[in-house]
Amino acid sequence: MGDCNDGYSEKVSKSFTYKGEFKDGVMSGYGIYTWSNGDYYDGMFKNDFFYGNGTMIYSSGTKYVGEWKYDKKHGQRTMIYNSGNQYVGEWKFGNKHGLGTFNWKNGDLYKGAYVDDLRNGNGTYTWKSGDKYDGAVTLIGGTNVSLTNNKNVFTFASTNTTYSVGDGGLTQ
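## Details of the overall build of the protein
From N to C terminus, the protein includes zero helices and 17 strands. The buried share of the protein, reckoned over its 172 residues, is 29%. Excluding contacts between residues fewer than 6 apart, the proportion of contacts in the protein whose partners are at least 24 apart in sequence is 4%. Carbon and sulfur atoms provide 50% of the accessible area of the protein, an area that totals close to 9800 Å².

## Description of the packing of aromatic side chains
Going through the model one piece at a time under the given rule, you end up with 23 aromatic pairs. On the numbers, 4.0 Å between centres and 15° between planes, the contact of tyrosine 41 with phenylalanine 50 is stacked. By the burial criterion, tyrosine 41 is buried, and phenylalanine 50 matches it. Between the NZ or CZ atom of lysine 73 and the centre of the ring of tyrosine 64, over which it lies, the distance is 5.8 Å. The ring of tyrosine 87 is capped by lysine 96, whose NZ or CZ atom sits 5.6 Å from the centre of that ring.

## Concerning the pattern of salt bridges
In total, this model carries one salt bridge according to the counting rule given. For aspartate 117, the salt bridge identified is with lysine 96, shortest N-O distance 3.2 Å. Of this pair, aspartate 117 sits in the loop between β11 (109-115) and β12 (118-126) while lysine 96 sits in strand β10 (residues 95-103), placing them 21 residues apart in sequence. Aspartate 117 sits in the partly exposed class, given a relative accessible area of 32%.

## Some details on the environment of histidine 74
Note that histidine 74 resides in the loop between β7 (72-73) and β8 (75-80). In the structure, histidine 74 is positioned 17 residues away from tryptophan 91 in sequence and 4.6 Å away in space, judged by C-alpha atoms.

## Comments concerning the nonpolar core
In this structure, Tyr18, Tyr33, Tyr41, Phe45 and Phe50 are the most contacted members of the largest nonpolar core, which totals 18 residues. Broken down by secondary-structure element, the contributors of at least two residues to this core are β2 (16-23), β3 (26-35), β4 (40-46), β5 (49-57), β6 (63-69), β9 (86-92) and β11. The contacts of phenylalanine 45, once residues within four sequence positions are left out, are Tyr18, Met27, Ser28, Gly29, Gly31, Ile32, Tyr33, Phe50 and Tyr51.

## Thoughts on unusual backbone geometry
At asparagine 47, a position not held by glycine, the phi torsion is positive, near 50°. Within the element layout of this structure, asparagine 47 appears in the loop between β4 and β5.

## Looking at a nonpolar patch on the surface
There is a patch of nonpolar side chains on the surface, built from Tyr30, Ile32, Tyr40 and Met44 and spanning about 320 Å² of accessible area. For the nonpolar patch, the elements supplying multiple residues, two or more each, are β3 and β4. Counting through the fold element by element, methionine 44 comes out in strand β4.

## With respect to the confidence of the model for the protein
Of all residues in the protein, 78% attain a pLDDT of 70 or more, and the chain-wide mean is 84. Note on residues 143-150: pLDDT under 50 across the span, and 23 contacts to partners over four residues away in sequence or across chains. Taken as a whole, residues 167-172 scores under 50 in pLDDT and shows eleven contacts with residues more than four places along the chain or in a different chain.

## Observations regarding the pairing of β12
In this structure, β11 lies alongside β12, joined through six bridges in antiparallel fashion. Bridging from a neighbouring strand, tyrosine 114 pairs with arginine 119 of β12. Where β11 folds back on β12, the antiparallel hairpin that results is connected by two residues, among which aspartate 116 adopts a positive phi of roughly 50°.

About the criteria used
- Residues numbered from 1 in each chain as written.
- Predicted model: local features only at pLDDT ≥ 70, side-chain atom pairs only at ≥ 80, totals over all residues.
- Heavy atoms only, no water.
- Helix = DSSP H or I, 4+ residues; strand = E, 2+ residues; numbered from the N terminus.
- Buried < 20%, exposed > 50% of the residue type's maximum accessible area, 1.4 Å probe, protein only.
- Contact = heavy atoms within 4.5 Å.
- Areas by Shrake-Rupley, 256 points an atom, 1.4 Å probe, with all protein chains shown as cover.
- Phe/Tyr/Trp six-rings, centres within 6.5 Å; stacked < 30°, edge-to-face > 60°.
- Lys NZ or Arg CZ within 6 Å of the ring centre and 35° of its normal.
- Salt bridge = Lys/Arg side-chain N within 4 Å of Asp/Glu carboxyl O.
- Core = buried A, V, L, I, M, F, W, Y, C linked by side-chain atoms within 4.5 Å.
- Patch = residues over 30% accessible without salt bridge, like charges linked within 9 Å, V, L, I, M, F, W, Y side chains within 5 Å.
- pLDDT = per-residue confidence, 0-100.
- Pairing = 2+ DSSP bridges.

Written as structure tokens, this is what we have:
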């Protein structure tokens, strides 16, 4: 057992408990950090930060497995939401950023680009029905879709009909 300076030890406060490795008095190496609300992180630390590979399990049931940098989700990994939805892809300092795949519990699927936690750029959205949108989108305020070029295509599975969307509207 260490002394919270070097080696393995335990640090307890009103809001959290840490059991793990210390180096020069800070959390560094492997450890488990548990909050009083039941959330916990199991993974690597560097200079008191979640840093490297680790798993965060929230008391709600949501789970993140992946890389961390300065306490933020960062790099390529997976978030499984308590709703049953799942995101697999790139993260940048806590936000979905880069290429990723989001699977909704209802069967809908998005594969494409994210910027600052929003679908933004080229991607393919496939509805449970089989209908598909392939093209560039920008989500404004998280809800409004702006089609941004002439290479956007809607495909309707029920009729196997494809429409192109551009400046001139919908064309078959």
